[in-house]
Amino acid sequence: MPAKSKNPRVKLLLNDLRYIDTVEAKRTVYHVFQSDKDYLIFSYRDATYRSGNFNVVASDTMERIRRTFAGRQRITRREIEEHPRIKRFVKDFDVLQALYVLVAAKQATIDGRSPNSKTLYFNIRNTGE
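Residues numbered from 1 in each chain as written. Predicted model: local features only at pLDDT ≥ 70, side-chain atom pairs only at ≥ 80, totals over all residues. Heavy atoms only, no water.

Chemist: Teacher, can you tell me more about the nonpolar core here?
Modeler: Nonpolar side chains tend toward joint burial in soluble globular proteins. Judged by nonpolar contacts, the single largest core of 27 residues is most densely connected at Ile65, Ile80, Leu99, Tyr100 and Phe122. Secondary-structure elements contributing two or more residues to this core are strand E2 (29-34), strand E3 (38-44), helix H2 (59-69), helix H5 (94-104) and strand E7 (121-124). The element contributing the most residues to this core is H5, with nine residues. (Core = buried A, V, L, I, M, F, W, Y, C linked by side-chain atoms within 4.5 Å. Buried < 20%, exposed > 50% of the residue type's maximum accessible area, 1.4 Å probe, protein only. Helix = DSSP H or I, 4+ residues; strand = E, 2+ residues; numbered from the N terminus.)

Structural data, given as structure tokens:
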């Protein structure tokens, strides 16, 4: 008999997932889905899709970043992580994952002006766009 999950959030997260879009970064493809309160991101580093990772992004993390940085151009993950309104609120790669959700939701774009740069830049749309 399979073991039951001790975390009810997993069941809520996987229930009624809606596909949002695919985001292609420099080396990784991200497939973004939305549940009622969170986003689920599947990422694959190679085209065979034999192995990958998934991450969960809370809606409030994405919304906080969108509201705080609306209208900003060529902003990096690090700049967002170090901002006083965000610094104490997010951990690890939450910001980068939230940025990919924003791109999938058409509320941000990956700035392609520096394709050879190691740094990935994002443009956050104004809330009125």
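Chemist: I'm lost on unusual backbone geometry in this one. Help?
Modeler: You will see that Arg74, though not glycine, has its phi angle at about 50°, which is positive. Within the secondary structure layout, Arg74 lies in the loop between H2 and strand E5 (75-76). Take Arg74: its relative accessible area is 26%, and that puts it in the partly exposed class. The residue Lys106 is not glycine, and still its phi comes out positive at about 65°. Mapping Lys106 onto the fold places it in the loop between H5 and strand E6 (108-111).

Chemist: Is there a simple way to explain the packing of H2 against H5 in this structure?
Modeler: How two helices pack is summed up by the angle between their axes together with the distance between the axes. Where H2 contacts H5, the two axes come as close as 9 Å, and the packing angle between them is 80°. Here H2 is positioned roughly perpendicular relative to H5, judged by the angle of their axes. Two secondary-structure elements touch here, H2 through Thr61, Met62, Ile65 and Arg66 and H5 through Asp94, Val95, Ala98, Leu99, Val101 and Leu102. A class-by-class count of the residues in the contact of H2 with H5 yields seven nonpolar, one polar and two charged. (Axes fitted to C-alpha atoms, helices over the stretch in contact; angles between N-to-C directions. Parallel < 35°, antiparallel > 145°, perpendicular 65-115°, else oblique. Contact = heavy atoms within 4.5 Å. Nonpolar A, V, L, I, M, F, W, Y, C, P; charged D, E, K, R; others polar.)

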